[in-house]
Amino acid sequence: MCGRGGKGMKKTAIAPANIAFIKYWGKKNEELRIPANASISMNLLGAVTTTTVEFSSSYPKDTIELTDGSFSDGETRRITAHLDRIRQKAGIRDFARVVTKNSFPKSAGIASSASGFAALTLASAAAAGLSLPQKELTILARIGSGSACRSIPDGFVKWESGEKSEESYAHSLFPHDYWDIRDVLVVVDQTSKKISSSDGMKKAGTSPFWQERQRDIEKRIIQITKALEEKNFSEFGTILEDDCLSMHSVMMTQNPPLMYWNEATGNCIRNVQKWRKDGLPVFFTIDAGPNVHCICEGKDEKQLIDAIKTLSGVQSTLVNSCSQGAHITNTHLYQ
Ligand code: DP6
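Residues numbered from 1 in each chain as written. Predicted model: local features only at pLDDT ≥ 70, side-chain atom pairs only at ≥ 80, totals over all residues. Heavy atoms only, no water.

If you check the shell around the ligand, you find 18 residues, and the closest are Tyr-24, Ser-145, Gly-146, Ser-147 and Ser-198. Here an oxygen atom of the ligand and a side-chain polar atom of Tyr-24 are 2.5 Å apart. Within the side chain of Arg-33, a nitrogen or oxygen atom sits 3.1 Å from an oxygen atom of the ligand. The fraction of the free accessible surface of the ligand (460 Å²) that becomes covered by protein chains is 95%. Residue classes in the shell around the ligand are distributed as six nonpolar, six polar and six charged. Each of domain 1 (9–176) and domain 2 (181–321) contributes no fewer than three residues to the shell around the ligand. (Near = heavy atom within 4 Å. Polar contact = N/O pair within 3.5 Å; in protein donor to acceptor, adjacent residues only side chain to side chain. Areas by Shrake-Rupley, 256 points an atom, 1.4 Å probe, with all protein chains shown as cover. Nonpolar A, V, L, I, M, F, W, Y, C, P; charged D, E, K, R; others polar. Domains from an automatic or database assignment.)

Shown next as structure tokens:
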């Protein structure tokens, strides 16, 4: 195959985005993307990236296409650097054609870097002829984008922080059909975020709340794992909401401060608290943007959606249940 003057194997992978219940915000090692703390997430069924990769000696350079848009120069450089890592590992020099497609629009408020780098890692490793264990695939995906490592294993996933690269990997805690948890994303702003997570988290350590967050997080990891084990939804929701507020306290008090919320975000949060008081078990979590992920059990989804319809400032909603991790498919994006 590769390196022998012809076309290589074409491989395609599908990977889900994920929503973190215990968040990743801050790194121990910038270049290797080793996080300051462990994190826990759930893969999202309806928000996936599909990526086809082929290495060939007949390609004069790497070409990287997004079917429904275009990558910025920075994004293209990050993808090429990832292809270089795979080439180096496989001992090949051929350039690649990469075609990638997201099932969700950029405006949906879900970051595509997690699903994107997970799909790219799986497809390019397979196309380069590498057969790697899942742990190693998560480590490679992590170096592309931290949260991408959580999109590779099945269902509910933990990313171990680790001190060295080989210790910082993701693994499944529970399979996707373990517990019917729903993420109802309330989109209140469709424009993409002004400051990326990568840039934003560089200054996390300047917040006076940073040390406190680090001190508390291990306890939250233990508590949320127990809540997952026991399928104790009110405990699970309380911890994920606490962690979201802890991360946003750090964001808002970093130097310079990062204010991702807008008026509709605050309104949605207050209503989630009110609905809960009125007997609807729902909790919120928010990433590096203004959109609110409302977390409930499957049995309460309909009532939650009806409640969300009464909110002002909502542009769209997107419902996701828990899904399997990244996998290879035989349906390619180009022939
Ligand atoms: C707020 O994984 O996008 O969504 O590793 O620099 O690519 P890089 O950052 P990224 O950060 C995600 C941050 C977050 C929280 C989370 O998903 O845990």
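Following the structure, the description resumes.
Our next topic: the packing of helix H5 (residues 210–230) against helix H6 (residues 233–253). With their axes 9 Å apart at the nearest point, H5 and H6 run at an angle of 160° to one another. Classified by the angle between their axes, H5 and H6 sit roughly antiparallel to one another. The handedness of the crossing between H5 and H6 comes out as left-handed. Where H5 abuts H6, its residues Trp-210, Arg-213, Ile-217, Arg-220, Gln-223, Ile-224, Ala-227 and Leu-228 lie against Glu-235, Phe-236, Ile-239, Leu-240, Asp-242, Asp-243, Ser-246, Met-247 and Val-250. (Axes fitted to C-alpha atoms, helices over the stretch in contact; angles between N-to-C directions. Helix = DSSP H or I, 4+ residues; strand = E, 2+ residues; numbered from the N terminus. Parallel < 35°, antiparallel > 145°, perpendicular 65-115°, else oblique. Left-handed = near helix turned anticlockwise from the far one by under 90°. Contact = heavy atoms within 4.5 Å.)

Next up on the list: the domain arrangement of the chain. Looking at the assigned domains, one finds that the chain contains domain 1 (9–176) and domain 2 (181–321). On the side of domain 2, 42 residues touch domain 1, which itself brings 32 residues to the contact. Buried surface at the junction of domain 1 and domain 2, summed over both partners, amounts to about 2,900 Å²; 69% is from carbon and sulfur atoms. The largest share of the area that domain 1 buries against domain 2 comes from Phe-21, Lys-23 and Trp-25, three residues that together contribute 30% of it. At the boundary of domain 1 with domain 2, the tally comes to one salt bridge. The interface formed by domain 1 and domain 2 includes eight residue pairs in polar contact (both at pLDDT 80 or more). At the level of secondary structure, the elements contributing two or more residues to the side of domain 1 that touches domain 2 comprise strand S1 (7–22), strand S4 (39–56), strand S7 (156–159) and strand S8 (170–174). No other element matches the eight residues that S4 contributes to the side of domain 1 that touches domain 2. (Buried area = accessible area lost by both parts, 1.4 Å probe. Salt bridge = Lys/Arg side-chain N within 4 Å of Asp/Glu carboxyl O.)

The subject of this paragraph is the pattern of salt bridges. Taken as a whole, this structure holds 21 salt bridges when the rule is applied. Of the charged contacts in the structure, one is a salt bridge between Asp-287 and Lys-23, with a shortest N-O distance of 2.6 Å. Placement of the pair is Asp-287 in the loop between strand S10 (283–285) and strand S11 (292–297) and Lys-23 in the loop between S1 and strand S2 (27–29), with a sequence separation of 264 residues. Overall, the relative accessible area of 28% leaves Asp-287 in the partly exposed class. Assessed through its relative accessible area of 1%, Lys-23 is described here as buried. (Buried < 20%, exposed > 50% of the residue type's maximum accessible area, 1.4 Å probe, protein only.)

Note on placement: Phe-95 falls in strand S6 (residues 95–102). Sequence separation of Phe-95 and Thr-80 is 15 residues, and the distance between their C-alpha atoms is 9.7 Å.

Now for the packing of aromatic side chains. Taken as a whole and judged by the stated rule, the model has eight aromatic pairs. Both rings, one in Trp-179 and one in Phe-233, keep their centres 6.2 Å apart while their planes meet at 85°; by these two values the pair is edge-to-face. In this pair, Trp-179 is assigned in the loop between S8 and strand S9 (181–187) and Phe-233 in helix H6, connecting sequence segments 54 residues apart. The pair formed by Trp-179 and Phe-233 is uniform in burial state, with each residue classed as buried. Judged by centre distance (5.3 Å) and plane angle (50°), the rings of Trp-179 and Phe-236 are tilted. With a gap of 57 residues between them, Trp-179 in the loop between S8 and S9 and Phe-236 in helix H6 connect regions that are remote in the sequence. Judged by relative accessible area, Phe-236 falls into the buried class, the value being 0%. Site record: aromatic cluster; members linked through ring pairs are Phe-21, Trp-179, Phe-233, Phe-236 and Phe-283. When the ring centre of Tyr-334 is taken as origin, the NZ or CZ atom of Arg-97, which lies over that ring, is 4.0 Å away. Sitting over the face of the ring of Tyr-169, Lys-135 holds its NZ or CZ atom 4.3 Å from the ring centroid. (Phe/Tyr/Trp six-rings, centres within 6.5 Å; stacked < 30°, edge-to-face > 60°. Lys NZ or Arg CZ within 6 Å of the ring centre and 35° of its normal.)

We now examine the pairing of S11. Within a regular beta strand, the side chains point alternately toward one face of the sheet and then the other, so they alternate between its two faces. Among the six residues of S11, six are classified as buried, and the element is accordingly described as predominantly covered. With burial as the criterion, each face of S11 is covered, one bearing Val-292, Cys-294 and Cys-296 and the other bearing His-293, Ile-295 and Glu-297. In this sheet, S11 lies alongside S9 in antiparallel orientation, the contact comprising six bridges. Paired with Leu-185 across the two strands is His-293, which belongs to S11. Judged from the three bridges that link them, S10 and S11 form a sheet pairing that is antiparallel. Paired with Phe-283 across the two strands is Ile-295, which belongs to S11. Between S10 and S11, which pair antiparallel one after the other, the connecting turn spans six residues. (Pairing = 2+ DSSP bridges.)

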